[in-house]
Amino acid sequence: MDDLRDSEFLFSKHAADLPDSRLFILACFIAGLVGILTIAFTAFQWRRNINLSWMKAVARSKKNPKARNKAPAASHTWVLESAVRAKNTNCCVCLKSLSSSQTLGSVGATDTFINRCGICAAAAHLGCTSNAPNDCKCVSMIGYEHVMHQWAVRWAEISDQPEETSFCSHCEEPCSATFLAGSPIWCCLWCQRLVHVDCHTALSNETGDICDLGPFRRLILSPLYVRELSQASPGGLLSSITQGANEIASTMRGRMRSQSKKHKSGKESSIDTGNTSITSDTSAGSIADTSLIVNGSHSMEDASNDISNISDQRINGDTDNKGGLKPNFSRSGSINQKYESQMVGKQRYEIIDLPADARPLLVLINKKSGAQRGDSLRQRLNILLNPVQVFELSSTQGPEVGLYLFRKVPHFRILVCGGDGTVGWVLNAIDMHNFVSPPPVAILPAGTGNDLARVLSWGGGLGPVERQGGLCTVLHDIEHAAVTILDRWKISILNQQGKQLQRPKFMNNYLGIGCDAKVALDIHNLREENPEKFYNQFMNKVLYAREGAKSIMDRTFADFPWQVRVEVDGTEIEVPEDAEGVLVVNIGSYMGGVDLWHNEDENYDNFDPQSMHDKVLEVVSISGTWHLGKLQIGLSRARRLAQGQSIKIQLFAGLPVQIDGEPWLQQPCTLSITHHGQAFMLKRAAEEPLGHAAAIITDVLENAESSHIINAAQKRALLQEMALRLTS
């Protein structure tokens, strides 16, 4: 009994002490959490102070005459930018944070602005810009025997750097930031190598600060062969404010134009009036960009109009009976002279005495393409390459400026950053220039569908590119890519008497008439009215799906088979009664990767496999928007109709038409499709030996032409034969 009473007493005492123990544990947990947060905050401040001290040490070392770079000084190219995009960034002059910047009068009352260099990515307060050191990338080193290292602070985090560049070039120790104090780091603006500031003197004594341009030396346009034709206008606060005000004003004008289009009739705005519908993936407004400053280009409208007046027989070589390209270099003398004079006035640089083994890359970026990432791509490519070779396309600057700069380069390659419409724009410009050895074209898929990029193994969008190593991997693949051939087709729009109604259009991928073109036209009109909705590739596809869903129950094209007449190689082809659209296909990808022909299908013994360089087109039909959706997810197939080299489609009613994703509403006419020529494209070499062998053969043929062992015509014939053999 006494034992029971003692146990009850102990239990009641323990229950009374239990709340006190819980409170003690909670207090200890809170105290420990506060301690951990205090330690983390102290470590963060410590690291921040160390990084700031590193930058100050770099600034002091650059001011030291004994440590001054041997490379020539170059001023920054400042572009006004919102301070919201400059988080965790310090001013390159005062080294203070850019989170609190100056406002730009009443224009920027709701935002703050900074200056960002469009070449090296350095940033500065508006008031500090005039005191910024002239340590930007020097695009021209004429007179130097070798390219010199340009050591500078890496102001922007670059994810495109090769792995080997994370170590010091001299001591081979890691150059990553740590909590421990150490030597500050410099980065070469050309080869992207890193060096500790303490190691720079020893490295300079060993190498003389000579730069080999790094792993992409063959693609980089060496500054030793770039000569500046005119001096840049002086920078500073006033020029930055003026440029920023021009950019804001241009944006406002673009919005006003888009608002005014909402009050116009949809038919009136969609009727095609010329050949401008295939010049870009989206409408390009007037914008103030870095490429206009770096490359010194202004309005291109007059030059484009002059070039487009050249007859298409003179634009591209005819095809001979043996299937090869027969170049035709006759051009209008007066147009040539006017074009030359316009180009000379717009060039700031020229390329002179480039070595025969150089293979520089000309980059053409359309920032208005579906992914809307042109600014980021341009900045990153300016860091990896010579900014002179990077051009931004817009309504005021076409590919002609870059092509004219490279007109004397015997062998170069082109990288088009955009969608299928941008690629067509560039290929048209290449045709107009009549190069003796036309440059092959690679594609960085920045559009919505990116069908041609898919066929050439460059991917279906920027997402996979970033996951596979970023731009460094792309540049490596371009250098080792194989040259292949792409058929190009001319579409003549004729009336009943056979008279041409407008300038001919050119097709690379496909031509669609009917329900698929209707969806593309609705998206085009929506983009014109609300461009802000098309801000990335995924959202663009969502809007395409939404517009397609709206048309599923719409039987607008129920009478389509009786509104068109299709003739292939002189033979009339019967259009199925359930057809609501006809597609003429040149490549094996449509609408973001749909294969309409299916070469592996053995149910059609009377048709040949599809090829993009056999000078033959494929004709298929689709039975409505619902059929398009099933094609997209692989639940159905298009109906094969015919194959041929010459196709005529007669329209008896006004129908939507699209070429490579660029739509318009076409009134009754006859569409005549004939072979226009062939373009050289770069195809990413596959991992198997055959792909690498093709890339090696391409390089051998280019070297043989440079050594005058073979001529340009022989090289073209050999490349054509190689492309045919690789796909047979």
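In case you missed it, the structure is sitting above this.
Residues numbered from 1 in each chain as written. Predicted model: local features only at pLDDT ≥ 70, side-chain atom pairs only at ≥ 80, totals over all residues. Heavy atoms only, no water.

(A) Structural detail: the overall build of the protein. Each helix and strand in the protein was counted, giving 19 helices and 26 strands. Every one of the 728 residues in the protein was classed for burial, and the buried ones make up 53%. Taking the contacts inside the protein whose residues are at least 6 apart along the sequence as the reference set, 78% of them involve residues at least 24 apart. In the form shown here, the protein has an accessible surface area of approximately 34100 Å², with 54% of it arising from carbon and sulfur atoms. (Helix = DSSP H or I, 4+ residues; strand = E, 2+ residues; numbered from the N terminus. Buried < 20%, exposed > 50% of the residue type's maximum accessible area, 1.4 Å probe, protein only. Contact = heavy atoms within 4.5 Å. Areas by Shrake-Rupley, 256 points an atom, 1.4 Å probe, with all protein chains shown as cover.)

(B) Summary view of a nonpolar patch on the surface. A cluster of nonpolar side chains, Leu23, Leu26, Phe29, Ile30, Leu33, Val34 and Leu37, forms an exposed patch at the surface whose accessible area comes to about 700 Å². What makes Leu37 exposed here is its relative accessible area of 53%. (Patch = residues over 30% accessible without salt bridge, like charges linked within 9 Å, V, L, I, M, F, W, Y side chains within 5 Å. Salt bridge = Lys/Arg side-chain N within 4 Å of Asp/Glu carboxyl O.)

(C) Summary view of the pairing of strand β18 (residues 564-568). Taking burial as the measure, the five residues of β18 include four buried ones, the bulk of the element. When β18 meets strand β19 (residues 571-573), the two strands line up antiparallel, connected through three bridges. Counterpart to Val568 in the pairing with β19 is Thr571. (Pairing = 2+ DSSP bridges.)

(D) Region of interest: the side chain of Gln192. With respect to the secondary-structure elements, Gln192 resides in the loop between β5 (185-188) and β6 (194-196). Accessibility expressed as a relative area gives 5% for Gln192, which makes it buried. A polar atom in the side chain of Gln192 sits 2.8 Å from the backbone oxygen of Ile383. (Polar contact = N/O pair within 3.5 Å; in protein donor to acceptor, adjacent residues only side chain to side chain.)

(E) Molecular detail of the packing of aromatic side chains. Going through the model one piece at a time under the given rule, you end up with four aromatic pairs. Centre to centre, the rings of Phe412 and Phe435 are 5.8 Å apart; their planes meet at 75 degrees, and the pair counts as edge-to-face. You can see Phe412 sitting in the loop between α10 (400-405) and β13 (413-418) and its partner Phe435 sitting in the loop between α11 (420-433) and β14 (441-445), a full 23 residues away along the chain. Assessed through its relative accessible area of 12%, Phe435 is described here as buried. An aromatic cluster is present here, built from Phe406, Phe412 and Phe435 joined pairwise through their rings. Positioned above the aromatic ring of Tyr404 is the side chain of Arg407, whose terminal nitrogen or guanidinium carbon lies 3.9 Å from the ring centre. If you follow Arg640 out to its NZ or CZ, it ends over the ring of Trp597, 4.3 Å from the centre. (Phe/Tyr/Trp six-rings, centres within 6.5 Å; stacked < 30°, edge-to-face > 60°. Lys NZ or Arg CZ within 6 Å of the ring centre and 35° of its normal.)

Geometric values such as these leave the question of function open.
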